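So you can see what is in the structure, the chains are spelled out below.
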Amino acid sequence: MRVFGSQATGLYLPTSDIDLVMYLPDEENPDDDDKNKDKTKVPSSSAAKKKKTKLTEEQEMESWDESTFLQQQKSPLNRLACALLEQWKDEICYLEVIGNTRIPIVKFTHAPTNLDVDICCNQTGGPESAELIKRFMQAMPPLRPLTIVLKYFMKSRAINVPYQGGVGSFMLQMMIVSFLQHREREEYNAGRQSMLNLGALLLEFFELYGIDFNYVTTGISVRSDGFYFPKGSKDRVENFWQPSRPFSLALEHPFEITVDAGRGSYRMQLIQRSFEVAFRTLMAYVSEPVQPCVSILRNILPPTEEMDKRATLLKVDRIEKALNKSPGGGGSGGGVMNMALKTGRGGGGGGGRNVSTYGAISRRDSRSTGSNMSVSSDEEESRYSAGRGRKKRHRR
């Protein structure tokens, strides 16, 4: 048994499920028992029907037992589900064997902890994908914070479950990786220094996949530093073009280049619309005239009770630190990544710099100012406005 997914990469939310892969010593074939049976003469279908005990529908319904039914199934996942029902009957509030997906799983919820667990069998791709994500995180520092924010964005709208047509964690991470690859290439080709501003990156991600990206004609690959490919090309059309779902996102699996990792996301039009609405909502709060609000991100990310408690504790902590400082001392304290996107307008006075309306944290500022990692809102607005003027090859 091995853990993979967000629990292995550290990109999990408090409500994230636990992904496990179960390795069996030998691949079990449910037909083995049938093949090894004595070669006796099989009775005809009519004779078999006569020998079968005749039960009424009511009796069949009364005699049906879920654990017995699962035990009769030969696949390892069904036998695992049966064992879970027997051993953890009082601790499992939900259990389902999902077999109509590319990777069949057993999904259950542990009632005492309310944790969801997904178990697959003999799949090496999960751990390999987790290692790939770890390498991408080392090469791309913005990948982790963007993934956390966007995973919560997807979960709050119930569009994060792959077998329900949503975008799963791995697919979302590949979309973010592709976005960062192309953005970095554009900055390099233009001779500009890359400004890794988390707020601006979030806006550009929503703009790309909500407005600019052409889902009908374009596919994504993260191999070879990332590239786009035409879904209708001769060597791609068989695996990446879906006539019944032309709007689906074609995403080449990094380990199996003939596999479309986005094939199951049949609600892509709804997801694209969600990205577009999020982009326009955020832009309404960072453009003139400024709309006052407590937190810009709060308009697209519904806060939980736990978030409100943490915000209150942080506010109290900041007040206590400010009171403990000498009257003439220092600037704004700490290298805290402010992803709350609080507006820094109208503030005036005091040491330190205003928090960017984009929740800005750029490499240049972290190098030049040490622990102070925020920049002024006017400066970041000009950066983002200039960035939007770049010619994008992915536009329709």
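Residues numbered from 1 in each chain as written. Predicted model: local features only at pLDDT ≥ 70, side-chain atom pairs only at ≥ 80, totals over all residues. Heavy atoms only, no water.

## Regarding the packing of aromatic side chains
Enumeration over the complete set of coordinates arrives at 13 aromatic pairs. In textbook terms, an aromatic cluster arises when at least three aromatic residues are bridged by ring pairs, as seen for Phe153, Phe179, Phe205, Phe206, Tyr209, Phe213, Tyr215, Tyr228, Phe247 and Phe275. Lying across the ring of Phe229, Arg236 places its NZ or CZ 4.0 Å from the centre. (Phe/Tyr/Trp six-rings, centres within 6.5 Å; stacked < 30°, edge-to-face > 60°. Lys NZ or Arg CZ within 6 Å of the ring centre and 35° of its normal.)

## As for the pattern of salt bridges
Pairs may arise between side chains of opposite charge once their charged atoms sit close together. A full pass over the atoms with the stated rule returns 13 salt bridges. When the shortest N-O distance is used, the salt bridge between Asp308 and Arg298 registers 3.6 Å. Taken together, the residues Asp308 in helix H13 (residues 305-324) and Arg298 in the loop between helix H12 (268-286) and H13 connect sequence positions 10 residues apart. Taking the relative accessible area as the measure of exposure, Arg298 reaches 43% and is therefore partly exposed. Connected via shared salt-bridge partners are Asp17, Lys107 and Asp118. (Salt bridge = Lys/Arg side-chain N within 4 Å of Asp/Glu carboxyl O. Helix = DSSP H or I, 4+ residues; strand = E, 2+ residues; numbered from the N terminus. Buried < 20%, exposed > 50% of the residue type's maximum accessible area, 1.4 Å probe, protein only.)

## Examining the environment of Ile148
Summarising the element assignment, Ile148 is placed in helix H8 (residues 143-156). By relative accessible area, which is 25% here, Ile148 ends up partly exposed. Considering only alpha carbons, one finds Ile148 and Leu13, 135 residues apart in sequence, at a separation of 7.1 Å. Sequence-distant contacts of Ile148, defined by excluding residues within four places in its chain, comprise Leu11, Tyr12 and Leu13. (Contact = heavy atoms within 4.5 Å.)

## Side note on unusual backbone geometry
Here Glu288 and Pro289 are connected by a cis peptide whose omega angle stands at -5°. Along the chain, the position of Pro289 falls in the loop between H12 and H13. Of note, the phi angle at Asn114 is positive, near 60°, even though the residue is not glycine. Within the secondary structure, Asn114 is located in the loop between strand S4 (105-110) and strand S5 (115-121). Owing to a relative accessible area of 59%, Asn114 belongs among the exposed residues under this scheme.

## Some thoughts on the nonpolar core
Counting residues in each nonpolar core, the largest one holds 50 residues, and the members touching the most others are Met175, Phe205, Phe206, Tyr209, Met268 and Phe275. Ignoring anything within four residues of it in the chain, the contact list for Met268 reads Val167, Met171, Met175, Tyr215, Phe247, Ser248 and Leu249. (Core = buried A, V, L, I, M, F, W, Y, C linked by side-chain atoms within 4.5 Å.)

## Focus on the packing of H8 against helix H9 (residues 169-189)
Closest axis-to-axis distance for the H8/H9 pair is 10 Å, and the angle between their directions is 135°. Classified by the angle their axes make, H8 and H9 are oblique. Handedness of the crossing formed by H8 with H9: right-handed. Here Leu143, Leu146, Thr147, Leu150, Lys151 and Met154 of H8 come into contact with H9, specifically with Ser169, Leu172, Gln173, Ile176, Val177 and Leu180. Its residues assigned to classes, the contact of H8 with H9 shows 8 nonpolar, 3 polar and 1 charged. (Axes fitted to C-alpha atoms, helices over the stretch in contact; angles between N-to-C directions. Parallel < 35°, antiparallel > 145°, perpendicular 65-115°, else oblique. Left-handed = near helix turned anticlockwise from the far one by under 90°. Nonpolar A, V, L, I, M, F, W, Y, C, P; charged D, E, K, R; others polar.)

## Some words on the side chain of Glu276
On the secondary structure map, Glu276 appears in helix H12. Filtering out sequence-adjacent residues up to four positions away, Glu276 remains in contact with Gly210 and Ile211.

## Topic: the side chain of Lys107
By the secondary structure assignment, Lys107 is in strand S4. In this structure the side chain of Lys107 is engaged in a polar contact, spanning 3.1 Å, whose partner is the side chain of Asp118. Excluding residues within four positions of it along the chain, Lys107 makes contact with Asp17, Tyr94, Leu95, Glu96, Ile98, Asp116, Val117, Asp118 and Tyr163. (Polar contact = N/O pair within 3.5 Å; in protein donor to acceptor, adjacent residues only side chain to side chain.)

## Observations concerning the pairing of strand S2 (residues 18-22)
By the criterion of burial, S2 is predominantly enclosed, with 4 of the 5 residues buried. In this sheet, S2 lies alongside strand S1 (residues 2-4) in antiparallel orientation, the contact comprising 3 bridges. Each residue of the ladder has a partner; that of Arg2, found in S2, is Val21. Taken together, the 5 bridges between S2 and S5 define a ladder with parallel strand orientation. Pairing of Val21 across the sheet is with Cys120, part of S5. (Pairing = 2+ DSSP bridges.)

## Side note on the sheet that holds S5
Spatially, S1-S2-S5-S4-S3 is the arrangement adopted by the 5 strands of the open sheet, whose pairing is mixed. Only two strands of the sheet have a single partner each, and these edge strands are S1 and strand S3 (92-98). Strand after strand, the sheet turns through a mean of 25° between neighbouring axes, direction not considered. Sheet topology places S4 next to S5; 5 bridges connect them, and they run antiparallel. Its bridge partner being in S5, Thr109 is matched across the sheet by Asp116.

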